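So the chains spell out like this:
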Amino acid sequence: MLGRSTAKLNSAVRDIRQSTGSEQLTPITCDLGSQRAIRNAAGDIARLHPHLHVLVNNAGVYTRSRSVTEDGVETQLAVNHLGPFLLTHLLLEALRAAGAARIVNVASQVEGSGRIAFDDINGEKHYDSLAAYCQTKLANVLFTYELARRLEGSDVTVNCLHPGVVATKLLNDFSGRPRAFQVVDRLRYIGPAVGAETSVFLASSSEVEGVTGRYYRSSRVAESSLASRDVGLQRRLWNLSCQLTGLTNC
Ligand SMILES: NC(=O)c1ccc[n+]([C@@H]2O[C@H](COP(=O)([O-])OP(=O)(O)OC[C@H]3O[C@@H](n4cnc5c(N)ncnc54)[C@H](OP(=O)(O)O)[C@@H]3O)[C@@H](O)[C@H]2O)c1
């Protein structure tokens with residue numbers, strides 16, 4: 001389990017140990033906004049799990065004002081897209097070594113409103129927090145499709161999903177309402193357990209064995225946006241992402 005706060009991670013691990021009885025959980029502190037931290041975490045994971053069967057890229061953030069990470073990347077782009085992009089690459093060897101392995105990318109239905117601003121990817125000239133978020137969610141889908149093509153012939157599958165509208169901190173930040181509205185959201189929207197169902201389905205169900213390069217909603221294949229299916233766009237984003245993460249062999 002990866003998380004940026006050691007205290008939250010340890011508490012989550014304690015909860016999961018209690019409810020499952022499993023001791024097989026290792027908390028690894030990693031800020032996905034730091035490429036250095038991702039490289040360290042990937043090294044630790046690969047050492048602990050040289051055969052990695054499942055990778056779920058779930059973490060995400062919605063920031064209401066523009067900020068940049070220590071790598072000089074706009075925060076939403078760094079955490080929501082480049083972080084999982086880099087982490088996945090660094091773990092590919094362990095995933096391939098597992099025999100059959102699955103990668104699950106948590107995207108969003110807002111990918112349909114996304115546009116990749118190649119001329120201003122970091123929002124330096126103009127920043128709109130919603131557009132920046134939608135850009136990253138479209139990037140999750142483009143990345144999934146391109147990676148699926150590149151993994152053809154291997155036993156590693158990669159799919160992405162919209163989890164539903166889930167009452168979480170991120171939704172609260174997205175809506176821009178005061179924190180107190182989280183209570184109202186919990187009555188109106190699905191909770192995190194239901195929101196996790198499609199991720200768990202893709203990570204573990206025998207129904208999706210061998211299925212790759214698909215977008216899911218409510219544990220069913222769905223159609224993603226026209227833009228997400230543009231192979232030229234997928235390749236262009238891939239190349240830019242390699243450049244921005246300093247990956248030379250991708
Ligand atoms: N909620 C929705 O309605 C909705 C809809 C569509 C898609 N999604 C997607 O679902 C995924 C999960 O979001 P959520 O709604 O469950 O939000 P959430 O409850 O706020 O969870 C987001 C998680 O990401 C972690 N995170 C944020 N920045 C990080 C960083 N720099 N490094 C490492 N971890 C970081 C957060 O850690 P901290 O607790 O330390 O902040 C938190 O655990 C996201 O990819 C989001 O885009 C959500």
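Residues numbered from 1 in each chain as written. Predicted model: local features only at pLDDT ≥ 70, side-chain atom pairs only at ≥ 80, totals over all residues.

On to the sheet that holds strand 3 (residues 54-57), then. Two strands in a sheet stick together by hydrogen bonds in their backbones, pointing the same way (parallel) or opposite ways (antiparallel). The five strands lie next to each other as 3-4-5-6-7, forming an open sheet whose pairing is mixed. The sheet is open, and its two edges are formed by strand 3 and strand 7 (220-222), each paired on a single side. Adjacent strand axes in the sheet meet at a mean angle of 35 degrees, parallel and antiparallel pairs treated alike. Of the strand pairs in this sheet, strand 3 and strand 4 (residues 101-106) are connected by four bridges, and their pairing is parallel. Paired with Val54 across the strands is Arg102, a residue of strand 4. Strands strand 3, strand 4 and strand 5 (156-162) of the sheet are contacted by helix 3 (residues 75-97), whose axis makes an angle of about 175 degrees with strand 3. In the packing of helix 4 (residues 129-150) onto the sheet, the strands contacted are strand 4, strand 5 and strand 6 (215-217), and the crossing angle to strand 5 comes to about 160 degrees. (Pairing = 2+ DSSP bridges. Helix = DSSP H or I, 4+ residues; strand = E, 2+ residues; numbered from the N terminus. Axes fitted to C-alpha atoms, helices over the stretch in contact; angles between N-to-C directions. Contact = placed C-beta atoms within 7 Å.)

Glancing now at the site of the ligand. Near the ligand lie 22 residues; those nearest to it are Ala59, Gly60, Ser108, Thr168 and Leu170. Examining the composition of the shell around the ligand, we find that three residues originate from one element, helix 5 (residues 169-175), more than from any other. (Near = placed C-beta within 6 Å.)

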